[in-house]
Amino acid sequence: IDDVQVHVVDICAGAVANGEKRAKRLNAPVEFQIADASTSDIDFVDADLVVALHACGHLSDVALDHAVQRRAGFVIVPCCFNSNPQLKVREEAVNEWLGLPSSDWAALKLLAEVQGDITLASEAIGILCAVRAENVRKKLRSAHLDKERKIEIRSFPIEYSTRNTVLIGMCG
């Protein structure tokens, strides 16, 4: 895998420092950058795959936009659905980027965070992911970047996390 390049963007300097230490120990060719992915100019980063683990709130949408802009595949694990409401996607409010009324977006996020009713929360998370997947398809089609991208919504065992939904877009 000599031609694999990994570029990590994180807003937390401590997380970047820990990652750099670990990559050095493993002799892994990883570049790290302390930056806010929603406002920083990271367009110079060429990517075939965008991965966002613990992509809190609107950070999921920022990561999806980076994947769309690069025609890249993606693996997004959304969580903390009401977090980072200040983040925008290319200067656009997330609900507008998704094509949803703000009241519908707010209601879905609240339902996804319901405690004590895992069935209701899981259904809301599934709907949120489906809305995001359809938005990615529309963005790619409108830009004539992809005819049809295979996008899947999967889950991993709940014992690892109650936020166990994964949005996967195959490389274009």
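As the structure is a prediction and not an experimental result, all values here were calculated from the model. (Residues numbered from 1 in each chain as written. Predicted model: local features only at pLDDT ≥ 70, side-chain atom pairs only at ≥ 80, totals over all residues. Heavy atoms only, no water.)

Draft legend 1. Region of the structure containing the side chain of H58. Residue position: H58 is located in the loop between strand 3 (49-56) and helix 2 (59-70). Side-chain polar atoms of H58 contact the side chain of W105, separated by 3.1 Å. Each residue touching H58, except ones within four places of it in the same chain, is listed here: S83, N84, P85, L87, V94, W105 and K109. (Helix = DSSP H or I, 4+ residues; strand = E, 2+ residues; numbered from the N terminus. Polar contact = N/O pair within 3.5 Å; in protein donor to acceptor, adjacent residues only side chain to side chain. Contact = heavy atoms within 4.5 Å.)

Draft legend 2. The sheet that holds strand 7 (residues 151-155), seen in detail. Read across the open sheet, the 4 strands follow the order 3-4-8-7; overall the sheet is mixed. The open sheet has two edge strands, strand 3 and strand 7, and neither has a second partner. Sheet twist, expressed as the mean angle between neighbouring strand axes with direction ignored, is 15°. With 3 bridges connecting them, strand 4 (residues 73-79) and strand 8 (residues 165-169) associate as antiparallel partners. Paired with V75 across the strands is I168, a residue of strand 8. (Pairing = 2+ DSSP bridges. Axes fitted to C-alpha atoms, helices over the stretch in contact; angles between N-to-C directions.)

Draft legend 3. Region of the structure containing the pairing of strand 2 (residues 30-34). Pairing analysis gives 5 bridges linking strand 1 (residues 6-10) to strand 2, with the strands arranged parallel. Looking across to strand 2, one finds that V6 is bridged to V30.

Draft legend 4. Layout of helix 1 (residues 13-25). Taking 1.5 Å of rise per residue, 13 residues should cover 18 Å, and helix 1 covers 18 Å from first to last C-alpha, within 8% of that figure. Among the residues of helix 1, V16, G19 and A23 are the ones counted as buried. The arc that holds the buried residues of helix 1, viewed along the axis, is 65°, so those residues lie on one side. Exposed residues lying more than 90 degrees from the buried face of helix 1 are N18, K21, R22, K24 and R25. Buried positions along helix 1 lie against strand 1 and strand 2. Looking at the residues trailing helix 1, positive phi occurs at N27, about 55°. (Expected span 1.5 Å × (residues − 1). Buried < 20%, exposed > 50% of the residue type's maximum accessible area, 1.4 Å probe, protein only. Arc of directions from axis to C-beta.)

Draft legend 5. Looking closely at the environment of C12. Within the secondary structure layout, C12 lies in the loop between strand 1 and helix 1. When the C-alpha atoms of C12 and T162 are compared, they prove to be 24 Å apart, with 150 residues separating the residues in sequence.

Draft legend 6. Just the packing of helix 4 (residues 102-112) against helix 5 (residues 118-142), in detail. Contact geometry for helix 4 and helix 5: axes closest at 7 Å, N-to-C directions at 140°. Compared by their axis directions, helix 4 and helix 5 come out oblique. Considering only the axes of helix 4 and helix 5, their crossing is left-handed. Contact residues: W105, L108, K109, L111 and A112 in helix 4; L120, A121, A124, I125, I127, L128 and R132 in helix 5. (Parallel < 35°, antiparallel > 145°, perpendicular 65-115°, else oblique. Left-handed = near helix turned anticlockwise from the far one by under 90°.)

Draft legend 7. Spatial organisation of the pattern of salt bridges. For the coordinates displayed, the defined rule picks out 7 salt bridges. Two residues, R163 and E113, come together in a salt bridge whose shortest N-O distance is 3.3 Å. Of this pair, R163 sits in the loop between strand 7 and strand 8 while E113 sits in the loop between helix 4 and helix 5; the two residues are 50 residues apart in sequence, bridging distant segments of the chain. Taking the relative accessible area as the measure of exposure, R163 reaches 15% and is therefore buried. According to the relative accessible area criterion, E113 is partly exposed, its value standing at 21%. Counted as one network, the salt bridges with shared partners bring together E134, R137 and R141. (Salt bridge = Lys/Arg side-chain N within 4 Å of Asp/Glu carboxyl O.)

Honestly, it's all geometry; don't read function into it.
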